[in-house]
Amino acid sequence: MNYEVVIPAAGQGKRMNAGKNKQFIELEGKPVIAHTLSVFEADPSCTGIILVINEAERDEFMDMIERYSFSKIKKMAGGGAERQESVYNGLKHASEPIVFIHDGARPFIEYPILQELAAAAEREGAATLAVPVKDTIKRVEQGEVLETVERSSLWAVQTPQAFRLSEILHAHEDAELHHYQGTDDASLIERLDKKVQVITGSYANLKLTTPEDLLIADAILKQRKGEKLHDTNRTGI
Ligand SMILES: Nc1ccn([C@@H]2O[C@H](COP(=O)(O)OP(=O)(O)OP(=O)(O)O)[C@@H](O)[C@H]2O)c(=O)n1
Ligand SMILES: C[C@](O)(CO)[C@H](O)COP(=O)(O)O
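Reading guide: rules and limits
Residues numbered from 1 in each chain as written. Chains lettered and ligands numbered in written order. Predicted model: local features only at pLDDT ≥ 70, side-chain atom pairs only at ≥ 80, totals over all residues. UniProt positions renumbered as here; feature names shortened; annotations may be inferred. Pairing = 2+ DSSP bridges. Helix = DSSP H or I, 4+ residues; strand = E, 2+ residues; numbered from the N terminus. Axes fitted to C-alpha atoms, helices over the stretch in contact; angles between N-to-C directions. Near = placed C-beta within 6 Å. Nonpolar A, V, L, I, M, F, W, Y, C, P; charged D, E, K, R; others polar. Buried ≥ 20, exposed ≤ 12 C-beta atoms within 10 Å, placed from the backbone. Contact = placed C-beta atoms within 7 Å. Parallel < 35°, antiparallel > 145°, perpendicular 65-115°, else oblique. Left-handed = near helix turned anticlockwise from the far one by under 90°. Core = buried A, V, L, I, M, F, W, Y, C linked by C-beta atoms within 7 Å.

Per an unreviewed UniProt entry, the chain carries the name 2-C-methyl-D-erythritol 4-phosphate cytidylyltransferase and comes from Metabacillus flavus. The Catalytic activity (unreviewed entry) comment attached to the chain in UniProt states, word for word, "2-C-methyl-D-erythritol 4-phosphate + CTP + H(+) = 4-CDP-2-C-methyl-D-erythritol + diphosphate". Here the chain is described in UniProt, under the heading Sequence similarities (unreviewed entry), as follows: "Belongs to the IspD/TarI cytidylyltransferase family. IspD subfamily."

Student: Tell me what's going on with the sheet that holds strand β5 (residues 73-78), and back it up with residues and numbers.
Tutor: Reading across from one edge, β5-β4-β1-β6-β10-β7-β11 is the order of the 7 strands in this open sheet, with mixed pairing throughout. One side of each edge strand has no neighbouring strand; the edge strands of this open sheet are β5 and β11 (197-200). Here the strands of the sheet are splayed against their neighbours by 25 degrees on average, with no regard to which way each runs. As defined by bridge partners, strand β1 (residues 3-8) adjoins strand β4 (residues 46-53) across 6 bridges and the pair is classed as parallel. The residue of β4 that forms the bridge with Val5 is Ile49.

Student: Could you give me a rundown of the site of ligand 2, with the residues and numbers involved?
Tutor: Arg83, Asp103, Val157, Gln158, Thr159, Thr183, Asp184 and Lys207 make up every residue found near ligand 2. Top element by residues in the shell around ligand 2 is strand β10 (residues 155-164). It accounts for 3 residues. Residues belonging to the shell around ligand 2 are distributed by class as follows: 1 nonpolar, 3 polar and 4 charged.

Student: Can you break down the site of ligand 1 residue by residue, with the values?
Tutor: Residues in close proximity to ligand 1 total 21 residues, the closest being Pro8, Gly11, Lys14, Arg15 and Ser86. Here the shell around ligand 1 is built from residues that sort into 6 nonpolar, 8 polar and 7 charged.

Student: Residue-level account of the environment of Leu91, with values.
Tutor: Considering the arrangement of structural elements, one finds Leu91 in helix α3 (residues 83-91). On the basis of neighbour count, Leu91 is assigned to the buried category, with 23 C-beta atoms found within 10 Å. Sequence-distant contacts of Leu91, that is, excluding residues within four places in its chain, are made with Val6, Val99, Ile168, Leu169 and His172.

Student: How would you explain helix α2 (residues 58-67) if you had to name every residue and give the values?
Tutor: Counting buried positions along α2 yields 1 of 10 residues, so the element is predominantly exposed. Ser69 sits one or two residues past α2 and shows a positive phi near 55 degrees.

Student: Please provide a residue-by-residue account of the packing of α3 against helix α5 (residues 165-177), values included.
Tutor: As a packed pair, α3 and α5 sit with axes 10 Å apart at the nearest point and diverge in direction by 135 degrees. The angle between α3 and α5 places the two elements in the oblique class. Judged by the twist between their axes, the crossing of α3 over α5 is left-handed. Contacts between α3 and α5 pair Gln84, Tyr88 and Leu91 from the former with Ile168, Leu169, His172, Ala175 and Glu176 from the latter. Broken down by class, the residue content of the contact of α3 with α5 amounts to 5 nonpolar, 2 polar and 1 charged.

Student: Describe the nonpolar core, and please don't skip the residues or the numbers.
Tutor: Membership of the largest hydrophobic core comes to 47 residues, with the highest contact counts inside it found for Val6, Val52, Val99 and Ala162. Per-element accounting of this core gives the leading share, 6 residues, to β4. Not counting residues up to four positions away in its chain, the partners in contact with Val52 are Val6, Ile7, Pro8, Ala9, Ala10, Ala77, Gly79, Ser86, Val87, Asn89 and Gly90.

Student: Explain the UniProt feature "site: Transition state stabilizer" (unreviewed entry) in the chain to me, using residue names and the numbers behind them.
Tutor: Following the UniProt record, the feature "site: Transition state stabilizer" (unreviewed entry) maps to Arg15 and Lys22 here. By the element assignment, Arg15 lies in the loop between β1 and β2 (26-27). Residue Arg15 is classed as partly exposed on the basis of its 13 C-beta neighbours within 10 Å. Apart from the residues within four sequence positions on either side, Arg15 is in contact with Thr209 and Thr210. Turning to its location among the elements, Lys22 is positioned in the loop between β1 and β2. The class of Lys22 is buried, set by 26 C-beta atoms lying within 10 Å.

Here's what the structure looks like:
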């Protein structure tokens, strides 16, 4: 099933504290955003990529696109002050009935799960990847525990999230109208009392947020490289 993807990459990476947009941090010599784009570039069902960027970084993005010969980027939209605004700016350029939204800062998404997500979005209207939380979660105020939240139904939500285009556009329009700020796009659908299907993702699909995430990122890449080498040796290719 075909889809387009909106990739917000217009953040500042404040928590990463790298002195630049974290999209341009290199992992094994390749910028984070190039790792992310490569997955969608390689997926035949992805018909177009809408990349959302800071205008001030346009030249840097253009150089990266040329260097890796990405051919599916149909639009580079300008980012907004918050992620939600950046995504909405990108969505306005989408045209496929199914659209994915995926953080530029999640470079480890893997190809096989994308079809499952697209099918769920077509069937249910909205779908997200998520994983069960591993830690005990407590509600805390002013350094004091208020309660321990029952963990069995808590999931950590990831991207991609997939939607019928008409529905997510309407949800963003309505959120803007009512000044609602969510931390993901699925929550904009939820506030309209519509269903969001959960597809179990992978703990490796982490969002690079703080410096220690880069250590995990290196380990994931090394492990994947090792796996590829192992496959190549087995098949003799
Ligand atoms: N105004 C914004 C804010 C975020 N993003 C993008 O949304 C994704 C997830 O956001 P986050 O991890 O919070 O990234 P930053 O906003 O860059 O990080 P920070 O909050 O630490 O500054 C990232 O790919 C980021 O580039 C965006 O396009 N526009
Ligand atoms: C959308 C998201 O990736 C879901 O986990 C996440 O909420 C975006 O990151 P932010 O730090 O809230 O901008």
